[in-house]
Amino acid sequence: TRLIIGVHCNTDSDVKPLNLKTPPQRQSPPLASYIWAPFNICQHAVSYSKDDHLFNRGAVNNSSATIMPDVTIRASEPKRGATISPSMNSMVKYCLHTADVDESIIVGSEVMSLDHLCPPFTAQPNMNLFQQSFGIEYKCDDHVLVRPFSS
C-alpha cells in the first residue's frame, strides 16, 4: 500500500519531506490461543479423530453428543491447498461427514488446524456435524477427539 500526501504550495514557504513510520508488524495468535480447556472433555465430542484407532466404531464413550452408535462418519481429505481464507492462513486438516450428507458441502464439516489462524465465520445453514462452526481436535482419556469449536 502507498500513502500519498500532497501539500498545497501556498501553505508553507519552507517545505520539508514528511517521514512516515511503518507500524510494527504484529503476528496474529493461532486458533489454539482461543481454546478454553474446560470444554475439552469427552462429553463434548462428536467423533474420534480420523487418526484414532476407535474412529467410526460407534459413539464416543461418555459422550452426550447426538451421534448414535449406528451413525457412520466419513472422513475426507480437504482439496489440495484448502484453506477457508488463504489470505488469513486458516488450514483445514480434514472434513467429517455423516453418511447421509453431501460431501461437496464442506462448510460445517471442517476440522481445523490449531496451529493456524481462526477461519472466518460462515453463517450458511447446513446439516453437517458442526453446522455453521467448525471442528477442533483435542486429547481426552488417551484418545484424540473432535468437538465443535463453539460447544
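Note that this is a predicted model, so its numbers are computed, not measured.

### Section: the overall build of the protein chain
Helices and strands together make up the secondary structure of the protein chain, namely zero helices and six strands. Of the regular secondary structure in the protein chain, the N- to C-terminal order runs β-β-β-β-β-β. A burial count over the protein chain gives 31% of its 151 residues as buried. A separation threshold of at least 6 residues defines the contact pool for the protein chain, and within that pool the share at least 24 residues apart is 47%. Total accessible area computed for the protein chain in this model is approximately 10500 Å², and 53% of it derives from carbon and sulfur atoms.

### Focus: unusual backbone geometry
For D141, which is not glycine, the phi torsion reads 50 degrees and is therefore positive. By the secondary structure assignment, D141 is in the loop between β5 (135-140) and β6 (143-148). On the accessibility criterion, D141 (55% relative accessible area) is exposed. The phi torsion at D142 lies on the positive side, around 65 degrees, for a residue other than glycine. As for its position among the elements, D142 is in the loop between β5 and β6. With relative accessibility at 84%, the residue D142 sits in the exposed group.

### A few points about the nonpolar core
L96, V111, F130, L145 and V146 are the most contacted members of the largest nonpolar core, which has 15 residues in total. For this core, the secondary structure elements donating two or more residues are β3 (92-98), β5 and β6. L31, V92, C95 and F134 belong to the second-largest nonpolar core, a separate cluster that totals seven residues.

### Some thoughts on the packing of aromatic side chains
Across all of its chains, the model carries two aromatic pairs by this definition. Between the aromatic rings of W36 and F39, the centroid separation amounts to 5.3 Å while the plane-to-plane angle is 80 degrees, which identifies the pairing as edge-to-face. Across the ring face of Y138, the terminal group of R147 is positioned such that the distance to the ring centre comes to 5.9 Å.

### What about a nonpolar patch on the surface?
On the surface, a cluster of nonpolar side chains totalling about 350 Å² of accessible area is made up of L3, L18 and L20. Considering the arrangement of structural elements, one finds L18 in the segment before β1 (47-48). Residue classification places L18 among the exposed positions, given a relative accessible area of 57%.

### Things to note about the environment of S133
With respect to the helices, strands and loops of the structure, S133 is situated in the loop between β4 (110-112) and β5. Residues S133 and F149 lie 16 residues apart in sequence; the distance between their C-alpha atoms is 6.6 Å. Discounting chain neighbours no more than four positions away, the residues touching S133 are G108, E110, F149 and S150.

### Section: the pattern of salt bridges
A full pass over the atoms with the stated rule returns four salt bridges. For K50, the salt bridge goes to D51, with nearest N and O atoms at 3.6 Å. Since its relative accessible area comes to 62%, D51 is described here as exposed.

The rules behind the values
Residues numbered from 1 in each chain as written. Predicted model: local features only at pLDDT ≥ 70, side-chain atom pairs only at ≥ 80, totals over all residues. Heavy atoms only, no water. Helix = DSSP H or I, 4+ residues; strand = E, 2+ residues; numbered from the N terminus. Buried < 20%, exposed > 50% of the residue type's maximum accessible area, 1.4 Å probe, protein only. Contact = heavy atoms within 4.5 Å. Areas by Shrake-Rupley, 256 points an atom, 1.4 Å probe, with all protein chains shown as cover. Core = buried A, V, L, I, M, F, W, Y, C linked by side-chain atoms within 4.5 Å. Phe/Tyr/Trp six-rings, centres within 6.5 Å; stacked < 30°, edge-to-face > 60°. Lys NZ or Arg CZ within 6 Å of the ring centre and 35° of its normal. Patch = residues over 30% accessible without salt bridge, like charges linked within 9 Å, V, L, I, M, F, W, Y side chains within 5 Å. Salt bridge = Lys/Arg side-chain N within 4 Å of Asp/Glu carboxyl O.

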